[in-house]
Protein chains: 2
Amino acid sequence: MKAGTEQTGDNTDHQGRRRLTPAEREKQIVDGAIRFFAEVGFEGQTRELAKRLGITQPLLYRYFPSKDSLIERVYLEVFVKRWQPGWDVLIVDRSRSLHDRLTQFYREYTRAIFNYEWVRIFMFAGLKGVNINERYLGIVREKLLRPVCTELREMAGLPSPEVVPLTEEELELAWDLHGGMYYMGIRQWIYHLSVPDDLDGHIDRVVGTFLRGAPETLREHFPSLAPNAPSSSGAN
Amino acid sequence: MKAGTEQTGDNTDHQGRRRLTPAEREKQIVDGAIRFFAEVGFEGQTRELAKRLGITQPLLYRYFPSKDSLIERVYLEVFVKRWQPGWDVLIVDRSRSLHDRLTQFYREYTRAIFNYEWVRIFMFAGLKGVNINERYLGIVREKLLRPVCTELREMAGLPSPEVVPLTEEELELAWDLHGGMYYMGIRQWIYHLSVPDDLDGHIDRVVGTFLRGAPETLREHFPSLAPNAPSSSGAN
DNA sequence: TCCATAGTTAATCAAACGATAAATAACTTG
DNA sequence: CAAGTTATTTATCGTTTGATTAACTATGGA
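Everything numeric here is computed off the predicted structure, so don't read it as measured data. (Residues numbered from 1 in each chain as written. Chains lettered and ligands numbered in written order. Predicted model: local features only at pLDDT ≥ 70, side-chain atom pairs only at ≥ 80, totals over all residues. Heavy atoms only, no water.)

**Examining the pattern of salt bridges**
Any two side chains of opposite charge can pair, so long as their charged atoms come close to each other.
Residue and element names in this part refer to chain B.
Move 1: Going through the model one piece at a time under the given rule, you end up with 36 salt bridges over all chains.
Move 2: The closest approach of N and O atoms between Glu151 and Arg94, which form a salt bridge, is 2.9 Å. Placement of the pair is Glu151 in helix α8 (residues 132–156) and Arg94 in the loop between α5 (85–91) and α6 (98–113), with a sequence separation of 57 residues.
Move 3: Glu151 sits in the buried class, given a relative accessible area of 5%. (Salt bridge = Lys/Arg side-chain N within 4 Å of Asp/Glu carboxyl O. Helix = DSSP H or I, 4+ residues; strand = E, 2+ residues; numbered from the N terminus. Buried < 20%, exposed > 50% of the residue type's maximum accessible area, 1.4 Å probe, protein only.)

**Some remarks on the interface of chain B and chain A**
Move 1: Facing 45 residues of chain B, the contacting portion of chain A comprises 45 residues.
Move 2: For the pair chain B and chain A, the summed buried area comes to about 4100 Å², and 63% of that belongs to carbon and sulfur atoms.
Move 3: Remark: the boundary between chain B and chain A carries 4 salt bridges.
Move 4: Along the contact surface separating chain B from chain A lie 12 residue pairs in polar contact (both at pLDDT 80 or more).
Move 5: Of all the secondary structure elements, the ones that give two or more residues to the side of chain B that touches chain A are α7 (116–128), α8, α9 (168–189) and α10 (199–221) of chain B.
Move 6: Residue classes in the side of chain B that touches chain A are distributed as 19 nonpolar, 14 polar and 12 charged. (Contact = heavy atoms within 4.5 Å. Buried area = accessible area lost by both parts, 1.4 Å probe. Polar contact = N/O pair within 3.5 Å; in protein donor to acceptor, adjacent residues only side chain to side chain. Nonpolar A, V, L, I, M, F, W, Y, C, P; charged D, E, K, R; others polar.)

**Description of the protein's contact with DNA strand D**
Move 1: Among the 26 residues in the neighbourhood of DNA strand D, the closest are listed as Arg19, Gln45 and Tyr61 of chain A together with Arg25 and Thr56 of chain B.
Move 2: Counting only atoms of DNA strand D within 4 Å of the protein, the fraction found in sugar and phosphate groups is 59%.
Move 3: Between Arg47 of chain A and DNA strand D, the recorded distance is 2.8 Å, taken from a side-chain N or O atom to a base nitrogen.
Move 4: Among the elements of the structure, α2 (46–53) and α3 (57–63) of chain A together with α1 (22–40) and α3 (57–63) of chain B are those that each provide at least two residues to the surface near DNA strand D.
Move 5: Looking at the surface near DNA strand D element by element, the count peaks at 4 residues for α3 of chain B.
Move 6: When its residues are assigned to classes, the surface near DNA strand D shows 9 nonpolar, 7 polar and 10 charged. (Near = heavy atom within 4 Å.)

In structure tokens:
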């Protein structure tokens, strides 16, 4: 096994030492880091990352002063600008049925974030206790769940939240809808289970099931506020 | 700062070197390891674990030949015997309403597994790619979701799975119910968000919403099999 | 053709980390 | 209480890992 010429590294042709502009190289490192950390978690080693990128470890430190700063950059890249402004208006557009709106929203939403990198990095961040999750889920609550609850009030013929503030119980019902959807991503990218191949049809059925049941649940939850409310408890 | 007597360790009185029976010590180590790994993940260091246990690091290696074997033991302890046999029969007990059964099941189920250790270790295992998750979720699918789908068929007045096999789409609907529930655990123990304080009431509402909507969804999904089926598409 | 600089090679440091061997002290037994 | 067993500690080894440095190489724009 003793070769006359010492084996040079081995990866990526030695001559292929392409010289990228700093901007290109930085992007390449960040993209590679996203994929790498999504796979192995943030304890992944800089040497291994460099190897996968086909560059040397010291070069990483030419672009990022520390591993932590690189991780910070990964967070930024993955989570920023992931909530599309159009979604805000979509949810509250009463010219369309709530079923239509929610179906379209979740089709776009799942397409936007149901991918290996997003789901896993978000979970790693949560387990690590980074504040990013709470911030992001705060957006989900305010821009999605709260509006959905408002629409459900309307659908159920109940007073608007401006008259009777939303309760935690209502928000929890909306969280349940959202959680059922997101759990698909977890099943797929963390538990390695199969998920619906007809995603659009599935979303349609889930939203349909929810919207068929939720208004009645809400009326039960606000017996005194329901339209033509039975004064006390009404049997099924 | 130079003390005459070298400071001895610092934790748990040096003289407190209690000598436990091997069984006691082993249990103490396993319990501590569960809590420790649930918090920091399996990359947590044996020195830190020992410190928290108030013992020295080499002692760990008297009870477990390697860190991996300790982790293996943690898996065993956390996941074994977590599916209670009574649940199997509860789900299919047609002397009670499906609403009752599912409500009781999820009350017991969440009480059994919605805790810091279970939720986090299960997630860490999933991210690490251990086979344990697939095995456990296989049980969930066969012992919970499939039976639930069978009961939904009955409820919707559709043929039993023995006549018309369950479709993936139906199972996905059941996964959605389950996922919505489990997402509560994730929100609480991984994302550090608040969850319903009235858990029983919440479960009741979620199950109610689901059962109110699912039968109709199923009938839509099997238009030709539905009782008094409208031959083609029926408008809402 | 020149030369600024992207990138490599190689070596190394200090701290962290899994694991081991030898020494020590707590408990048991006769 | 003496003797033996073994739970636990002390000290340490070998490796990994984030981070740094110095010297060298070669790409590609002016």
